Amino acid sequence: MARETIIAELPIPPKGRLSFPMLILRMIVNPVASWGEDFYGQPAVLYRWFGLQTLYVMDPALIQRILLDDAESYSKQPLNDDVFGEAIGGGLLNAEEDEWRWQRRLAAPLFRAEEMLSYVPAFVSVCAPLLKRWKESGAGGRQRIDRDMTRTTLQALQDTVLGAGLGDDDRRAIQEAGATFLFYSMWKVVLTSLRLPPTIPHPGARKMARAGKRLRETAEQVLAKRDGGSEDGDLLGRLVTARDPATGSAMPARLIVDNVVTFLMAGHETTSRALTWTLYLLALFPEWQERVREEVRRVAGGEETGRDDIGKLQLLDAVLEEAMRLYSPVPVLMRRTIAPVALDGIKLDKGATIIIPIYVVHRHKLLWEDPLKFDPSRFTPQAKAGRHRCAYMPFGAGPRNCIGATFAMLEGKAILATLLTHARFELPDGEAPVPFARITLRPKNGLTLKVTPL
Ligand code: HEM
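Residues numbered from 1 in each chain as written. Predicted model: local features only at pLDDT ≥ 70, side-chain atom pairs only at ≥ 80, totals over all residues. Heavy atoms only, no water.

Side note on the pairing of strand 10 (residues 435–438)
Residue alternation in strand 10 divides its side chains into two sets, Pro-435 and Ala-437 and Phe-436 and Arg-438, and both sets are buried. As paired strands, strand 10 and strand 11 (residues 440–443) are joined by four bridges and run antiparallel to one another. The residue of strand 11 that forms the bridge with Arg-438 is Thr-440. What sits between the antiparallel neighbours strand 10 and strand 11 is a turn of one residue, in which Ile-439 has the positive phi angle 70°. (Buried < 20%, exposed > 50% of the residue type's maximum accessible area, 1.4 Å probe, protein only. Helix = DSSP H or I, 4+ residues; strand = E, 2+ residues; numbered from the N terminus. Pairing = 2+ DSSP bridges.)

Quick look at the layout of surface pockets
In this approach the atoms are scanned with a rolling probe the size of a water molecule, which exposes any empty space left behind. Its boundaries defined by the atoms lining it, the largest pocket holds a volume of some 490 Å³. Along the wall of the largest pocket there are 25 residues; nearest its centre are Arg-147, Thr-150, Gln-175, Ala-179 and Arg-273. Counting residues per element, the ones that place at least two in the lining of the largest pocket are helix 8 (145–162), helix 9 (168–193), helix 12 (253–284), strand 10 and strand 11. Examining the composition of the lining of the largest pocket, we find that eight residues originate from one element, helix 9, more than from any other. Per-class residue counts for the lining of the largest pocket are seven nonpolar, seven polar and 11 charged. Taken as a whole, the second largest pocket holds about 330 Å³ of empty space. Elements with a contribution of two residues or more to the lining of the second largest pocket: helix 2 (60–69), strand 3 (74–75) and helix 4 (97–107). Take the lining of the second largest pocket: its biggest share by element is three residues, from helix 4. Here the lining of the second largest pocket is composed, by residue class, of eight nonpolar, two polar and seven charged. (1 Å grid on protein atoms, 1.4 Å probe; cavity = no way out; pocket = protein on both sides within 12 Å on 5 of 7 lines; lining within 4 Å. Points joined across faces, edges and corners; volume = space filled by probe spheres on them. Nonpolar A, V, L, I, M, F, W, Y, C, P; charged D, E, K, R; others polar.)

Examining the site of the ligand
In the vicinity of the ligand, 28 residues are found, and the nearest of them are Trp-100, Arg-104, Arg-335, Arg-400 and Cys-402. Take Trp-100: an N or O atom from its side chain is 2.7 Å from an oxygen atom of the ligand. Between Ala-266 and the ligand, the recorded distance is 3.4 Å, taken from a backbone N or O atom to a nitrogen atom. Secondary structure elements with two or more residues in the shell around the ligand: helix 4, helix 12, strand 5 (333–337) and helix 18 (405–422). Of the residues assigned to the shell around the ligand, the class counts are 18 nonpolar, six polar and four charged. (Near = heavy atom within 4 Å. Polar contact = N/O pair within 3.5 Å; in protein donor to acceptor, adjacent residues only side chain to side chain.)

Quick word on the sheet that holds strand 9 (residues 423–426)
In spatial order, the strands read 4-12-9; together these three strands make up an open sheet with antiparallel pairing. Taken across any chain shown, the strands that pair with only one partner, and hence form the sheet edges, are strand 4 (141–144) and strand 9. Sheet twist, expressed as the average angle between the axes of neighbouring strands with direction ignored, equals 40°. Sheet contacts for helix 7 (residues 128–137): strand 4, strand 9 and strand 12 (448–453); angle to strand 4, the most-contacted strand, approximately 145°. The sheet contacts of helix 8 involve strand 4, strand 9 and strand 12, and relative to strand 4 the element is tilted by about 55°. (Axes fitted to C-alpha atoms, helices over the stretch in contact; angles between N-to-C directions. Contact = heavy atoms within 4.5 Å.)

With respect to the pattern of salt bridges
Applying the stated criterion across every chain yields a total of 21 salt bridges. Across the salt bridge formed by Asp-98 and Arg-101, the nearest N and O atoms sit 3.1 Å from each other. With a gap of three residues between them, Asp-98 and Arg-101 both fall in helix 4, about one helical turn apart. The exposure class of Asp-98 is exposed, given its relative accessible area of 58%. Measuring nitrogen to oxygen at the nearest pair gives 3.6 Å for the salt bridge that ties Arg-214 to Glu-176. Within this pair, whereas Arg-214 is found in helix 10 (residues 205–225), its partner Glu-176 is found in helix 9, the two being separated by 38 residues in sequence. Look at Arg-214 and you get partly exposed, because its relative accessible area is 36%. Each of Arg-133, Asp-148 and Arg-151 takes part in one network of salt bridges that share partners. (Salt bridge = Lys/Arg side-chain N within 4 Å of Asp/Glu carboxyl O.)

A closer look at the packing of helix 8 against helix 12
Helix 12 packs onto helix 8 with a crossing angle of 135° between their chain directions and a minimal axis gap of 8 Å. Here helix 8 is positioned oblique relative to helix 12, judged by the angle of their axes. The two elements helix 8 and helix 12 meet at a crossing, and its hand is right-handed. Along its contact with helix 8, which presents Ile-145, Asp-146, Met-149, Thr-150, Thr-153, Leu-154, Leu-157 and Leu-162, the element helix 12 presents Phe-263, Leu-264, Gly-267, His-268, Thr-271, Ser-272, Arg-273, Leu-275, Thr-276 and Leu-279. Here the residues of the contact of helix 8 with helix 12 are counted per class, giving nine nonpolar, seven polar and two charged. (Parallel < 35°, antiparallel > 145°, perpendicular 65-115°, else oblique. Left-handed = near helix turned anticlockwise from the far one by under 90°.)

Focus on the packing of aromatic side chains
Per the counting criterion, the structure on display carries 21 aromatic pairs. Centre to centre, the rings of Phe-20 and Tyr-47 are 5.6 Å apart; their planes meet at 45°, and the pair counts as tilted. A residue pair is termed long-range when its members are at least 10 positions apart, and Phe-20 in helix 1 (residues 20–29) and Tyr-47 in strand 1 (residues 44–49) qualify at 27 residues. Note on accessibility: Phe-20 and Tyr-47 belong to one class, buried. With 4.6 Å between their ring centres and 55° between their planes, Phe-379 and Tyr-392 make a pair best called tilted. (Phe/Tyr/Trp six-rings, centres within 6.5 Å; stacked < 30°, edge-to-face > 60°.)

What to know about the pairing of strand 4
Of the two faces of strand 4, the one lined by Gly-141 and Gln-143 is fully buried and the one lined by Arg-142 and Arg-144 carries no buried residue. One ladder, built from four bridges, connects strand 4 with strand 12; its direction is antiparallel. Each bridged residue has a counterpart across the sheet, and for Arg-142 the counterpart in strand 12 is Lys-450.

Some words on empty space enclosed by the protein
Inspection of the entire model under this criterion finds two cavities of 30 Å³ or more. Computed from the structure, the second largest cavity encloses a volume of approximately 40 Å³. Around the second largest cavity, the lining residues are Leu-92, Gln-103, Leu-106, Ala-107, Leu-239, Met-251, Asn-259 and Phe-263. Listed by contribution, the elements that provide at least two residues to the lining of the second largest cavity are helix 4 and helix 12. Here the element with the most residues in the lining of the second largest cavity is helix 4; it accounts for three residues.

Focus: the nonpolar core
Ranked by size, the top nonpolar core spans 145 residues in total, and within it Phe-39, Tyr-56, Trp-134, Leu-419 and Phe-425 carry the most contacts. Broken down by element, this core gets its largest block of residues, 16 residues, from helix 12. (Core = buried A, V, L, I, M, F, W, Y, C linked by side-chain atoms within 4.5 Å.)

Shown next as structure tokens:
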């Protein structure tokens, strides 16, 4: 095994199993530092504590039962509402049953593969201001990659599916309020895990409420500013002209705002994390960076990446997938049982909490050889074919999987191809980002890389 392709295991998992109260305490600090070493070798870990049942599930076969085969026995609620309700209300990420089906059908046409390919030039164009700024900083300039990726992905969303003219202030509001909202969200996760109401005062509760309100106000302004545009060609258009299949009535204004905030948050936070971690790994392993740059040059023939090139960038595809394995942008999924269930002999009552720590699944010793090795060859078509569908699931699985998965992969590849064509990335001495989960997985103190324009 080539030692130079092993990532640092940060934060180090606790030895032995933590008690439930300790686990909860560590979860507030950083969920990825709360799962003990044994989680990485067990199919599932059950905690029973004062009548509360919490099952951590790592076995892909069990995950398949929860998210696909028997999905109707599990709900995202009230967990999701408790944590995100203040910002995204009953939008697509939170909705259930008929409400969810209607909203999913409404948004689905925007995310068809053919539609997505037409966005490639827009994904390439959003890199221009960033590349210009990097060029002005000169060779080896230190850049805050995490912030740059957040700005770039928000712009990409705006210029493609959203159909909204966001001004600088809107974008700043979304980024700042979004970051604050997610930062304090762990307290709500803890309250709901303990079956306590989310309204109980907790550190940052007021800041979180203000941030949620700001996100909603920004969405309202964006809607008010919308000047015509195609009737149903973009997300805002589709929401405004939607009719409820059961009643024939228009989508309530509140639900439109719920969905605008949902897509604003779900549509850029996650992709920006994926890009940040990929650039970190490519800076850490320069030979891989060179191999991918070589592929991009060969496929695009020295031009900017076009829609027909994307499917040919197989090495880049594998690198992005491997980066999302090691640093899953969404590190945890949560569900609650809505009926008593038995999972491989584990009996759970109605109301038990199910936690699927994707981060652990992706580094599990029984599922991956040398889990901490950065090895994109795990994502050749042959390697993928032999793998359980729930052993690798950065976009979730089953009916509630990510509606934006194809969008995110195309966007990620187009942006990475453009950045790698025009810049080289190096890791400054001492830069060792620590994975830190606040709904999405980010480097705890951001990520600074040395960037040299090419
Ligand atoms: C690398 C980027 C992304 C990752 C890793 C990611 C991950 C996920 C995951 C894991 C879920 C399932 C949550 C659950 O089961 O509880 C999800 C759902 C969702 N994602 Fe993404 N996502 C990404 C990008 C996007 C983009 C670009 C959009 C929109 C433009 C988007 C919109 C959504 C929405 C609306 C849902 C809820 C779908 C439903 O419940 O029907 N995501 N995402």
